[in-house]
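Chain and residue survey
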Amino acid sequence: MIRGADIVVKSLIEEHAEFIFGYPGGAIMPVYDALYDYSDRIKHVLTRHEQGAIHAAQGYARVSGKVGVVLATSGPGATNLITGLADAQIDSTPLVCITGQVAAHLLGTDAFQETDVVGLSMPGTKWNIQVRRVEDIAPAIAKAFLIARSGRPGPVLVDITKNAQVEFGEYNYVPCLGVRSYRPYVKIDQDAVKQAAALIDSAKQPYLLFGQGVVLAHAEAELKAFLDKTGIPAACTLLGSGALSEEHPTYVGKLGMHGNYAPNLLTNQCDVLIAVGMRFDDRVTGDLKRYAKQAQVIHLELDPSEINKNVTCAVAIQGDCKDSLADLTAAVKVSSHDEWMARFRELEQQEKEAVVINDLHGTHGGLHMGEVIHLINQYKEDDAILVTDVGQHQMIAWRYFDYKQSRTQVTSGGLGTMGFALPAALGAQLHDYSKQVICVVGDGGIQMTIQELGTIMQTKAPVKVVLLNNNYLGMVRQWQQLFFDKRYSFTELENPDFIKIAEAYKIKASKVTEREDLQAAVAEMLLHDGPYFLEVVVEKEDNVFPMIATGCSVEEVRLS
Amino acid sequence: MNRYTILIYTENFIGILNRITIIFTRRGINIDALTASESRLEGIHKITMEVSVTEQQMVHLAGQIEKIVDVIKAYYFRDDEVVYQEIALYKVPTESLDPGLEKVIRQFNAHIIAAEKEFVVVEFTGHKQDTQALLEILKPFNLLEFSRSGRVAIAKPKFSVQEYLNNQTYNH
Ligand SMILES: Cc1ncc(C[n+]2csc(CCOP(=O)(O)OP(=O)(O)O)c2C)c(N)n1
C-alpha cells in the first residue's frame, strides 16, 4: 500500500512523463511531497505562474510529440490553467493536467480554495474527471494519457481531492488501451480513396492545403511522397508550417489572413482542392460564401465533426492522414502541373516586389520586423525552433522564417493567446537543450508572462528571446489604422527598460536600435551559449501585408 | 428548421449531460425537451432530446456530441421516423370533480392515478398537442399544478447500439 500522492507520481513515470510543469499549493502538497522522492526519475519545473506552466507544457508537447504534464493546486492554481487549456484544445495539443482539490467531504461547501474545476474546464478539455478515492487515481491517469494523445489530441484534466492523495491504496498500474465509447482510430474507406484519386487524376489545376494534422499524424514523409508523385502545388496553414520543407519544389507558401498572395488568390481558381489535416478555420477561408466555390473539395481529416463543417466536400476520407495519404499516393497517377505552378510563381514574384523586398531589406527609416527574421534565417540552424507570441511579429516571423523541418513551429494559432511565447519557448527548449529555440515576442505579449524569465534563469534553458518592440499593441494598432480611422484607442504602451529586467534575471541582454548593429547582434545572440535577450526597436507603425480583411474573400487579398 | 429527436447513448459518467448541453449553449440552440435514463443495455444511458434546428445544424450537433469521449453514439430522427410519447400529470382540486370533469377524463382516456383529500392527480400520455389540449380544458376547473415530461421515443429505423459496439475496434 502506498499513498495516493505516490500513485500519482508513479503513474506519471509509468507514462514516460519526463517533465512536469507546475506550481505547488495546499491542495496538491502531498503530490509535491511525493515528487521529492522521485526527483531522479522525473523532472519538475517550477514556473512563476500556472499559465506559464501550461504554456510551457504546450511548447514541450508541440516540439516533442509527447504529452505535456502540468501540476497545479486547487482554486486559483487551477483557474490559472484555463487559458492554456482553451489554447491546447483548439490547437489539438496533448496535455495531462493534474489539479489538487479540497477533500471530498468539503466539496460543494465553498471551502477554502475550492473551485468547480471540472465544471470550469469542461468546455476547454477533451475530457476531464474528478477523482475522490485513492483507488481511482491510477485508472484515471491511465485513461487521461490515452485520451490526450490518441485520435485528435487534446488537453485532459484530472482533479484529485486531497483525501485521495493522502489515503493509502494498492498500486498496480495498468495502461489504458481503449475506452468503449471512444473510437480514435478509423479504417480508411478505400472507395473514398478511389473516388479522390479519380478526381485528382482528372484535375487540371489541383491544389493541396495542409495543416497541423500532418504533423500530429507524423505524415510528413507521406505528404512529400504524394506531392513528389503528383506535382501538385501545396500551401500550408499557420500550424502546418514546417510539415513540408519550404524548399520542396511544389511548396507555394502560406494560407490565411496574412499568408502569401498566390496561395490565397488561387484558392478561388483551382478545380480540385485537397485539404489535408486542416479544418478550414475562418482565418484561412475568409468569407466562406466566396471560398473555393468552383472547386471540388477532397478532405483528408481524422475528426469526423470537422468534415463538412465549414466547407462541403465532394469526397471525404476520414482517418489518420498518414494512412490516407499513403493510400492516395498509391492510387493516383504520376503527373505534373507546370503551367498551373507557373501562375503561383508569377504571383509570388508580384508579392516579392510589392511587399517582401521592403520587409526584408529595409534601407531607410526604422527597422522592419522582417529584417530581423531575415537575419535570423542566415544564422540559425536548420532545425531551429521558432516560438512566437501573438500579433504582428507573429505573422511576420511566420511569413519569413525559413521552415525546413517539422515541429519547428510553435505558436498559439487557434486561440491567439498573448503571453504564450515565453513559457512555450521554455518548454520547447527543455525538451532538447541542444536545439536553438528562438522566441519572437512583442512588447505587449511579453509583459503578460514576463515573469517566466525567472524560470529561464533558474533552468538555464538557453532560449533566445527576440523582443520586437514597436511600443504599440501593434496588430490592434494596424486594425485601428485600417478600419477605425487611425483612432489609436489604448494601444500605445509606455514600456519599462526591458534590458534591465532581463539583466535582473541574470540573462545576457542587448538592445538594437540601428540597422547597422542588427546583424552583429543577431549573430551574437545565436552563438551565445545560454539564454539571451535581444530587444530590437522597430518601426512604430509598420503593417503586415498581404492581408485579407475580415469579411473579405480570399481573392480580395491585398498587397498594401 | 425541422423538429428532431436525438437519441444519445452514453457511458454512465458524471458530468456527461453537462458536456452535452454545453454544445447547445455555445451555439445558442434551445433544447425543447430532455429525458435521461438507463437504457436496455447495462451501464449505458440513453438521453432523448427534442430540438428544432436546420438539417445542417443537426448534422453538426450530432458530430459534436459524438466527439465527447463518453458518448457512444448519437442518432437523430425526424418526427415521422420516431414513435414517441410524453406523459403529463394534472393536479385538480377535489371539489372540481364533477360529472363534467369525469367525462372529459374518460374522453381523453386519461386516468386518475392519485386521489387525496384536497386534490386528484390525472395522468395522460400523448403528443404535446394532446396533453396541451387537456391542459386547456382543465384550466377552468381550477387546475392547481401541471407537469409534462420530455419525449420518450423509439426510432422506427433499425439500429443497434450493441451491434455498433461490437463492430468497432477501439484499439489500434
Ligand atoms: C490575451 C490576449 N489579449 C488580447 C489579445 C488581442 N490582441 C491580439 S494582437 C494584440 C497586440 C499584440 O501586441 P504586441 O504583443 O506588442 O505585438 P505586435 O502586434 O506589436 O507585434 C492584441 C492586444 C490577444 N490576442 N490575447
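Provided above is the structure to which this section pertains.
Within chain A one finds 22 helices and 20 strands. A compact globule built from 560 residues should have a C-alpha radius of gyration of about 24 Å, and chain A, at 24 Å, falls within 12% of that. Its C-alpha atoms give chain A principal-axis dimensions of about 70 × 60 × 40 Å. Counting every position in chain A, which comprises 560 residues, the buried fraction comes to 61%. In the form shown here, chain A has an accessible surface area of approximately 20900 Å², with 51% of it arising from carbon and sulfur atoms. Here chain A contributes 50 positive and 68 negative side-chain charges, whose respective centroids are spaced 3 Å apart.

In this section: the sheet that holds strand E12 (residues 272–276) of chain A. Residues and elements named next belong to chain A. An order of E11-E10-E9-E12-E13-E14 is seen for the 6 strands of this open sheet, with the pairing classed as parallel. Edge positions in the sheet fall to strand E11 (251–254) and strand E14 (315–318), since each of these pairs with one other strand and no more. When strand polarity is set aside, the average angle formed by the axes of neighbouring strands in this sheet is 15 degrees. Two elements, strand E13 (residues 296–301) and E14, share 4 bridges in a ladder whose sense is parallel.

Turning to the interface of chain B and chain A, a few remarks are in order. Taken together, the contacts link 24 residues of chain B with 23 residues of chain A. Summing the contributions of chain B and of chain A, the shared interface buries around 2100 Å²; its carbon and sulfur component is 55%. Linking chain B to chain A there are 3 salt bridges. A salt bridge links Lys67 of chain B to Asp303 of chain A, with the shortest nitrogen-to-oxygen separation between them at 2.8 Å. Summed over the shared surface of chain B and chain A, the result is 7 residue pairs in polar contact (both at pLDDT 80 or more). Sorting the residues of the side of chain B that touches chain A by element identifies helix H1 (16–27), helix H2 (55–67), strand E4 (71–78) and helix H5 (161–167) of chain B as the ones contributing at least two each. Broken down by element, the residue count for the side of chain B that touches chain A peaks at 4 residues, all from H2 of chain B. In terms of residue class, the side of chain B that touches chain A is made up of 9 nonpolar, 10 polar and 5 charged.

Across all of its chains, the model carries 18 aromatic pairs over all chains by this definition. Between the aromatic rings of Tyr90 of chain B and Phe146 of chain B, the centroid separation amounts to 5.1 Å while the plane-to-plane angle is 40 degrees, which identifies the pairing as tilted. Placement of the pair is Tyr90 of chain B in strand E5 (residues 82–93) and Phe146 of chain B in strand E8 (residues 145–148), with a sequence separation of 56 residues. By relative accessible area, Tyr90 of chain B is classed as buried at 0%. Taken together, the ring pairs in this structure connect Tyr9, Tyr75, Phe77 and Phe159 of chain B into an aromatic cluster. When the ring centre of Tyr472 of chain A is taken as origin, the NZ or CZ atom of Arg477 of chain A, which lies over that ring, is 5.6 Å away.

This part covers the sheet that holds strand E20 (residues 532–537) of chain A. Residues and elements named next belong to chain A. Across the sheet, which stays open at both edges, the 6 strands sit in the order E16-E15-E17-E18-E20-E19 with parallel pairing between neighbours. Lying at the two open borders of the sheet, with one neighbouring strand each, are strand E16 (409–411) and strand E19 (508–512). Neighbouring strand axes in the sheet, compared pairwise and without regard to direction, differ in orientation by 15 degrees on average. In this structure, strand E15 (residues 385–388) lies alongside strand E17 (residues 437–442), joined through 4 bridges in parallel fashion. Looking at the pairing, Val387 lines up with Cys439 of E17.

Residue and element names in this part refer to chain A. With 68 residues, the main nonpolar core has Tyr207, Leu209, Leu273, Phe280, Tyr291 and Ile376 as its most contacted residues. If one sorts the elements of this core by residue count, helix H15 (residues 338–360) sits on top with 7 residues. Contact partners of Leu273, with chain neighbours within four places excluded, come to Tyr207, Leu209, Phe280, Tyr291, Ala292, Ala295, Gln296, Val297 and Ile298. With 47 residues, the next largest nonpolar core counts Ala78, Leu85, Ala88 and Phe498 among its residues.

Our focus in this paragraph is empty space enclosed by the protein. Residue and element names in this part refer to chain A. Inspection of every chain in the model, using the stated rule, returns 1 cavity of 30 Å³ or more. In this structure, the largest cavity encloses a volume near 70 Å³. In terms of lining residues, the largest cavity is bounded by Asp359, His368, Met369, Gly370, Gln392, Ile396, Asp542, Asn543 and Val544. When residues of the lining of the largest cavity are traced back to their parent elements, those giving at least two are helix H16 (369–379) and helix H17 (392–400). The residue makeup of the lining of the largest cavity, split by class, is 3 nonpolar, 4 polar and 2 charged.

This part is about the site of the ligand. Residue and element names in this part refer to chain A. Every one of the 18 residues lining the ligand counts as a neighbour, but Gln392, His393, Gly416, Gly445 and Gly474 are closest to it. Contact between the ligand and His393: an oxygen atom at 2.8 Å from a side-chain N or O atom of the residue. One of the side-chain N or O atoms of Asp443 is found 3.0 Å from an oxygen atom in the ligand. Coverage of the ligand by the protein amounts to 76% of the 590 Å² it exposes when considered alone. Those elements that provide at least two residues to the shell around the ligand are H17 and helix H20 (474–483). Tallying contributions element by element places H20 first for the shell around the ligand, with 3 residues. A class-by-class count of the residues in the shell around the ligand yields 8 nonpolar, 9 polar and 1 charged.

We now examine the side chain of Thr455 of chain A. With respect to the helices and strands, the residue Thr455 of chain A is situated in helix H19 (residues 453–459). When near neighbours in sequence (up to four residues on either side) are disregarded, Thr455 of chain A contacts Val45, Leu46, Thr47, Arg48 and Leu426 of chain A.

Residue and element names in this part refer to chain A. Checked against the element boundaries, Ile357 lands in helix H15. What makes Ile357 partly exposed here is its relative accessible area of 42%. C-alpha of Ile357 to C-alpha of Asn128: the two residues are 229 residues apart in sequence and 49 Å apart in space. Setting aside anything within four residues of it in sequence, one finds Ile357 in contact with Lys352 and Gly362.

All right, on to the packing of helix H3 (residues 50–64) of chain A against helix H5 (residues 82–90) of chain A then. All names here are of chain A. For the pair H3 and H5, interaxial distance at closest approach is 8 Å and the crossing angle is 20 degrees. By the angle class used here, H3 and H5 are roughly parallel. Here Gln51, Ile54, His55 and Gln58 of H3 come into contact with H5, specifically with Thr83, Gly84, Leu85, Asp87 and Ala88. Partitioned by chemical class, the residues of the contact of H3 with H5 number 3 nonpolar, 5 polar and 1 charged.

Our next topic: unusual backbone geometry. All names here are of chain A. Between Phe545 and Pro546 the backbone carries a cis peptide bond, its omega angle lying at 0 degrees. Counting through the fold element by element, Pro546 comes out in the segment after E20. Within the chain, His218 stands out as a residue other than glycine whose phi angle is a positive 55 degrees. With respect to the helices, strands and loops of the structure, His218 is situated in the loop between helix H10 (212–216) and helix H11 (220–230).

Residues and elements named next belong to chain A. Among the residues of H5, those classed as buried are Gly84, Leu85, Asp87 and Ala88. Along the axis of H5, the buried positions cluster into a sector of 165 degrees, meaning they face one direction only. On its buried face, H5 sits against H3, strand E5 (95–101), helix H6 (117–121) and strand E7 (155–161). Positive backbone phi, at 55 degrees, marks Ser92, one or two positions downstream of H5.

Here we come to the packing of H16 of chain A against H17 of chain A. All names here are of chain A. Where H16 meets H17, the closest approach of the two axes is 9 Å, and the angle between their N-to-C directions is 40 degrees. On the basis of their axis angle, the class for H16 and H17 is oblique. The way H16 lies across H17 gives a crossing that is right-handed. Contact with H16, carried on its side by Met369, Gly370, Ile373 and Asn377, involves Gln392, His393, Ile396, Ala397 and Tyr400 of H17 and no other residues of that element. Tallied by class, the residues present in the contact of H16 with H17 amount to 5 nonpolar, 4 polar and no charged.

Conventions and cut-offs
Residues numbered from 1 in each chain as written. Chains lettered and ligands numbered in written order. Predicted model: local features only at pLDDT ≥ 70, side-chain atom pairs only at ≥ 80, totals over all residues. Heavy atoms only, no water. Helix = DSSP H or I, 4+ residues; strand = E, 2+ residues; numbered from the N terminus. Rg over C-alpha atoms; globule rule 2.2 N^0.38 Å. Buried < 20%, exposed > 50% of the residue type's maximum accessible area, 1.4 Å probe, protein only. Areas by Shrake-Rupley, 256 points an atom, 1.4 Å probe, with all protein chains shown as cover. Lys, Arg positive; Asp, Glu negative; His and termini not counted. Charge placed at Lys NZ, Arg CZ, Asp CG, Glu CD. Pairing = 2+ DSSP bridges. Axes fitted to C-alpha atoms, helices over the stretch in contact; angles between N-to-C directions. Contact = heavy atoms within 4.5 Å. Buried area = accessible area lost by both parts, 1.4 Å probe. Salt bridge = Lys/Arg side-chain N within 4 Å of Asp/Glu carboxyl O. Polar contact = N/O pair within 3.5 Å; in protein donor to acceptor, adjacent residues only side chain to side chain. Nonpolar A, V, L, I, M, F, W, Y, C, P; charged D, E, K, R; others polar. Phe/Tyr/Trp six-rings, centres within 6.5 Å; stacked < 30°, edge-to-face > 60°. Lys NZ or Arg CZ within 6 Å of the ring centre and 35° of its normal. Core = buried A, V, L, I, M, F, W, Y, C linked by side-chain atoms within 4.5 Å. 1 Å grid on protein atoms, 1.4 Å probe; cavity = no way out; pocket = protein on both sides within 12 Å on 5 of 7 lines; lining within 4 Å. Points joined across faces, edges and corners; volume = space filled by probe spheres on them. Near = heavy atom within 4 Å. Parallel < 35°, antiparallel > 145°, perpendicular 65-115°, else oblique. Arc of directions from axis to C-beta. Left-handed = near helix turned anticlockwise from the far one by under 90°.

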